[in-house]
Amino acid sequence: MKDFTRQHRISSLSEYTKAYDSSVKDPESFWSDIASSFKWKKKWNQTLKWDFEAPDVKWFLGGKLNITENLLDRHLEERGEEVAILWEPNDPDEKGLSISYRELHRKVCQFANAMISKGVAKGDRVIIYMPMVPEAAVAMLACARIGAVHSVVFAGFSASALADRINDCEAKMVLTSDGNFRGAKTIDVKGVVDEAVAKCGCIEKVIVYQRTKSDVHMESGRDLWWHDAIQDVSEEHQAEEMDAEDLLFILYTSGSTGKPKGVVHTCGGYMVYTYYSFLNVFQYKPGDIYWCTADVGWITGHSYIVYGPLLAGATTVMFEGVPTYPDAGRFWEVCDKYQVNQFYTAPTAIRALEAHGLELVEKHKLDSLRVIGSVGEPINEEAWHWYHEHIGKRKCPLVDTWWQTETGGIMISALAGITPNKPAHASLPLPGIQPVIVDSEGNELTGNNVEGNLCVKFPWPSILRTTYGDHERCKHTYFSAYKNMYFTGDGAKRDHDGYLRILGRVDDVINVSGHRMGTAEVENAIDEHPKVIESAVVGYPHDIKGQGIYAFVIAETDGIEDEIKETVNKMIGPIAKPDKIQIVPGLPKTRSGKIMRRILRKIASKETDNLGDTSTLLNPEVVEEIIKGAS
Ligand code: WTA
C-alpha cells in the first residue's frame, strides 16, 4: 500500500525547523503545497485573503471540493478494505464493530440520499444529538456530503440548551437516538429532543437511531426511525460540489456572555489543517490504531475522531462508554484489546483514573502504545508525570496539545518524538502557526521568560470564519482586544528555553473537566430559580475537574442549594451544575455596580490573606461576611 501521508509528515527536528521557517516566510506556498495533495473538483485561484480587522479570512478561494470525497472516495481504491472505524460499545460484553472505508462510504452515501429524500438540501442546518455510535459519524459525513451544515450538540445538554442551539441556527432536522448508554445508566435522549423541539418551530423532521430499544414517543409526520429512513435507499451518491469557503459545520461553545456562540468552520481550510495537524502531532503511520476518547459533541471529536483521522486514511477508535465502567481500568483494557498505538485523552480523565490507584493499570500491558496525548485544559505536572510514567511507560512521547473550538485544530504541541517534550508545556507551535504573547496594551513580548496574553498574528487554514448569525460578536470577542491579532482568551508564558506554557483562561470562562463554561451562562441559569435574586459564579481549583464551579447566590431564603443545582441541570445540563453554592447576604460591588469577581475568586480558592484593597467597594462589609460563610 502506498503511504500517501509520508509526503507531509515531518520526521525530524530539522525538518520541523525547515517546515516552520518556510511556513512563516511564505505561508501561501506552504499551505498550497499541502492542499494540492487533496482531491479538488476545481483548483483554487487565490490561496489566502485576510483582514483581521473585519474580520474576513478566506483560504483556497474559488476552490471546489467535497470533504467526504477526500476522506472516503479517495481511499477506496488503495485502502477500501482497511478499517476506518473501530467501535467499542459501552458494555464490554456487547460485540464491537469494525467498519471498513468501503462500508463507511456506502453508509454515508445511503444516509445522504435518505436525508435528501426527507427534504434536506445544501445549506440547510441539521442538528446531531447522538450517542457515540458510528452513526454519529455517518450523520456528520452525510451532511458534509450533501452540503448541509451540521451542528453536533453534546448529548448531555438539556432540552433548554438544545432548543437554544436549534433556534439559533434555525435547523430543519434533528438526528438523534432513542436512548444513550452511559456506564450503568440509560439516558432518555429522545425525551430531551421532544421537549426541545416543542420549543422550535423550524424543525421539520427528526430521524431516530435505535440504540437502547427504549419505548419512545414517535410524533407522526415528524419522527421516523433511522432504519426505516434508509430502507431501500441507494448506496450511491455523487458528492455535492462545495466552495472551499462554504460552511462545513457550526459548533456552539461557551463564551463570556450568557449566550453560547456558533463557531463556524468551512470546508477547504478545515480539511487541510485537521489532516496536517493529525498526521504530524500524532505521527500517524498507515496501519496504526489511533484512539481519541473525546465525544463528537466537542471540537476534539470533530477534528480528531472523525475528520483528521479519516482524511489521513487512519483507523480511528470510537468509544461509546465512560472511563470508569465497568471499572476504572476500561481505557487500558480497550488500549490492549485493539492494540492502540496513539491514545489521546483529557487531563481530567487522567486525574480521575489516577485516583483509582495503579492496580487497574498494571493489569494491562499497554505495550502497543507509542504516543500519548492530552487536550482540553492545562495538564498539571503531577498528572503529566503519572500519565507519562504509568501509561506511557516513559517511552511514549506525551503531546500536550493546546487549541480551541475556534482554531479548528491543534495549534501548539510537540510533534510526537520529533520536537522535545516538556512536562506541562504545550511547547512549540505547529508549522503555519504564529503565536505571540502580548502585554495588556497589545505589545508583543519577544524573547524568553515572558508572560502575558496569548494571541496569533497570522491566519491558519482552520481559523473560525465567523460566529453564526452574529459577525459583530466574532469581531468583538476575538479580533478587537488587540489590533490585527486573533485573541485566544488564554494566558501563556514562554519559558527560558522558548517553550510555551498555557496558563489558563484570562476571561470569564471556566474550564470544568475540559469543558468550557461561561460564568454568565451559569449565572443566567441560576437566576432562573424563582427565589434567586442575584448570583456570581467563579472557578476554583478542583483536584479532578481542574476547575470547579463556585456560585455565590443572593436568595430570598436558605436551603435551596439543591433546587438551584436542579435548575442549572435543567437549563444547561449536568456539566454546568455548581460544585459549591454559598448563599450570601450581598455581592462585593464597585461603585459603578460591577461585581468584583477577583475577590470572589480568591475567596473560592481560599486565598483570603491578600484580597487587595476592598475599601473602594460599595459594600466592603459584605466581604467579611462572605469569608465567614465560606469557612
Ligand atoms: C483550554 C478544546 C492548556 C484553553 C480543544 C482553551 C488547554 C480552551 C489545552 C479551549 C492545553 C485546551 N493546555 N489549556 N493543552 N487545550 N485548553 O474550545 O483554555 O473546548 O482556550 O477546545 O481549553 O476549549 P475548547
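Residues numbered from 1 in each chain as written. Predicted model: local features only at pLDDT ≥ 70, side-chain atom pairs only at ≥ 80, totals over all residues. Heavy atoms only, no water.

1. Overview of unusual backbone geometry
We apply this condition: Numbering of helices and strands runs from the N terminus; a helix is a DSSP stretch of H or I covering at least four residues, while a strand is a stretch of E covering at least two. Burial status follows relative accessibility: with a 1.4 Å probe on protein chains alone, a residue under 20% of its type maximum counts as buried, one over 50% as exposed, and anything between as partly exposed.
The omega torsion across Ala-54 and Pro-55 is -20°, close enough to zero to call that bond cis. Following the sequence through the fold, Pro-55 ends up in the loop between β1 (46-51) and β2 (56-61). At the junction of Tyr-325 and Pro-326, the peptide bond is cis and its omega measures out at -5° in the coordinates. Structurally, Pro-326 can be placed in the loop between β17 (315-319) and α11 (330-338). Look at Phe-60: it is not a glycine, yet its phi comes out positive at around 55°. Mapped onto the elements of the fold, Phe-60 is located in strand β2. The phi torsion at Asn-449 lies on the positive side, around 60°, for a residue other than glycine. Its place among the elements puts Asn-449 in the loop between β21 (435-438) and β22 (450-456). In this structure Asn-449 comes out as exposed when scored by relative accessible area, which is 53%.

2. Some remarks on the pairing of strand β18 (residues 342-345)
Rule in force here: When DSSP locates at least two bridges between a pair of strands, those strands are taken to pair.
Neither face of β18 is exposed, since Gln-342 and Tyr-344 on one face and Phe-343 and Thr-345 on the opposite face are all buried. Sheet analysis places strand β16 (residues 289-292) next to β18, joined by 3 bridges and oriented parallel. Residue pairing across strands places Tyr-290 opposite Gln-342, the latter belonging to β18. Summarising the sheet, β18 and strand β19 (residues 371-375) pair through 4 bridges and their orientation is parallel.

3. Structural notes on the nonpolar core
Rule in force here: Each nonpolar core is a collection of buried residues, namely Ala, Val, Leu, Ile, Met, Phe, Trp, Tyr and Cys, held together in the definition by side-chain atoms within 4.5 Å. What makes two residues a contact is simply this: any of their non-hydrogen atoms within 4.5 Å.
Grouped together as the largest cluster of nonpolar side chains are 122 residues, with contacts concentrated most on Leu-104, Met-115, Leu-175, Phe-282 and Tyr-307. For this core, the element with the most residues is helix α9 (residues 267-282), which contributes 11 residues. If near-sequence neighbours (up to four positions away) are discounted, Met-115 is found in contact with Val-120, Val-126, Ala-142, Cys-143, Ile-146, Met-173 and Leu-175. Counting residues in hydrophobic clusters, the runner-up holds 50 residues, among them Cys-169, Val-206, Met-517 and Val-537.

4. Quick word on the site of the ligand
Filter applied, for reference: One heavy atom suffices: a residue is near a molecule or strand as soon as one of its heavy atoms comes within 4 Å of it. For the accessible areas, the method is Shrake-Rupley and the probe is 1.4 Å, while residue cover comes only from the protein chains on display.
The environment of the ligand is made up of 17 residues, and the closest members are Asp-400, Thr-405, Asp-490, Arg-505 and Arg-516. For the ligand, whose accessible area on its own is 520 Å², the fraction buried by protein is 96%. Elements that contribute at least two residues to the shell around the ligand include exactly α10 (299-311), β20 (398-401) and β24 (500-505).

5. Overview of the side chain of Thr-176
Heads up, the condition is: The definition of a polar contact used here is a pair of N or O atoms within 3.5 Å, where within protein one atom must be able to donate a hydrogen and the other to accept one, and adjacent residues in sequence count solely through side-chain atom pairs.
Within the secondary structure layout, Thr-176 lies in strand β8 (residues 173-177). For Thr-176, the side chain forms a polar contact with the main-chain oxygen of Tyr-129, separated by 2.9 Å. Those residues in contact with Thr-176, other than ones at most four positions away along the chain, are Tyr-129, Met-130, Val-189, Lys-190, Val-193, Val-206, Ile-207, Val-208 and Tyr-209.

6. Remarks on the domain arrangement of the protein
Worth spelling out the cut-off: Those domain boundaries reflect an automatic or database domain assignment. Throughout, the accessible surface (probe 1.4 Å) given up by two parts as they are put together, summed over both, is called the buried area. Each salt bridge in this description consists of a side-chain nitrogen of Lys or Arg and a carboxyl oxygen of Asp or Glu lying within 4 Å of one another. Under the scheme applied, nonpolar residues are Ala, Val, Leu, Ile, Met, Phe, Trp, Tyr, Cys and Pro; charged residues are Asp, Glu, Lys and Arg; polar residues are all the others, including Gly.
Segmenting the protein into domains produces domain 1 (6-433) and domain 2 (509-630). Each of domain 1 and domain 2 has a C-alpha centre, and these two points are 33 Å apart. Opposite the 24 residues of domain 1 that make contact, domain 2 presents 22 residues. When the two sides are added together, the surface that domain 1 and domain 2 hide from each other amounts to roughly 1700 Å², 49% of it contributed by carbon and sulfur. Along the contact surface separating domain 1 from domain 2 lie 1 salt bridge. A salt bridge links Arg-516 to Glu-406, with the shortest nitrogen-to-oxygen separation between them at 2.9 Å. The tally of links from domain 1 across to domain 2 stands at 13 residue pairs in polar contact (both at pLDDT 80 or more). Broken down by secondary-structure element, the contributors of at least two residues to the side of domain 1 that touches domain 2 are α6 (159-169) and α12 (347-354). Among the residues making up the side of domain 1 that touches domain 2, the classes are represented as 6 nonpolar, 13 polar and 5 charged.

7. Observations concerning the sheet that holds β18
Put simply, the rule is: For helices, the axis comes from a line fit to the C-alpha atoms of the stretch in contact; other axes are also lines fit to C-alpha atoms, and the angle between any two N-to-C directions lies between 0 and 180 degrees.
Taken together, 7 strands build an open sheet; the order of strands is β5-β4-β17-β16-β18-β19-β20 and the sheet is mixed. Two strands close off the open sheet at either side, each with one partner strand: β5 (97-100) and β20. Pairs of neighbouring strands in the sheet enclose a mean axial angle of 20°, with direction left out of account. Taken together, the 3 bridges between β16 and β17 define a ladder with parallel strand orientation. For Tyr-290, the partnering residue across the bridge sits in β17 and is Thr-316.

8. Comments concerning the pairing of β8
Counting buried positions over the 5 residues of β8 gives 5, a clear majority of the element. Alternating residues of β8 divide into Met-173, Leu-175 and Ser-177 and Val-174 and Thr-176, and every residue in both groups is buried. The pairing of strand β6 (residues 125-129) with β8 spans 4 bridges and is classified as parallel. Its bridge partner being in β8, Val-126 is matched across the sheet by Met-173.

9. Here's the deal with the sheet that holds β22
Read from one edge of the open sheet, 4 strands run β21-β22-β23-β24, paired in antiparallel fashion. The open sheet has two edge strands with one neighbour each: β21 and β24. Strand-to-strand twist across the sheet, computed as the mean angle between neighbouring axes with direction ignored, equals 45°. Of the pairings in the sheet, the one linking β22 to strand β23 (residues 486-494) comprises 6 bridges and is antiparallel in character. By the bridge assignment for β23, Asn-453 is matched with Gly-491.

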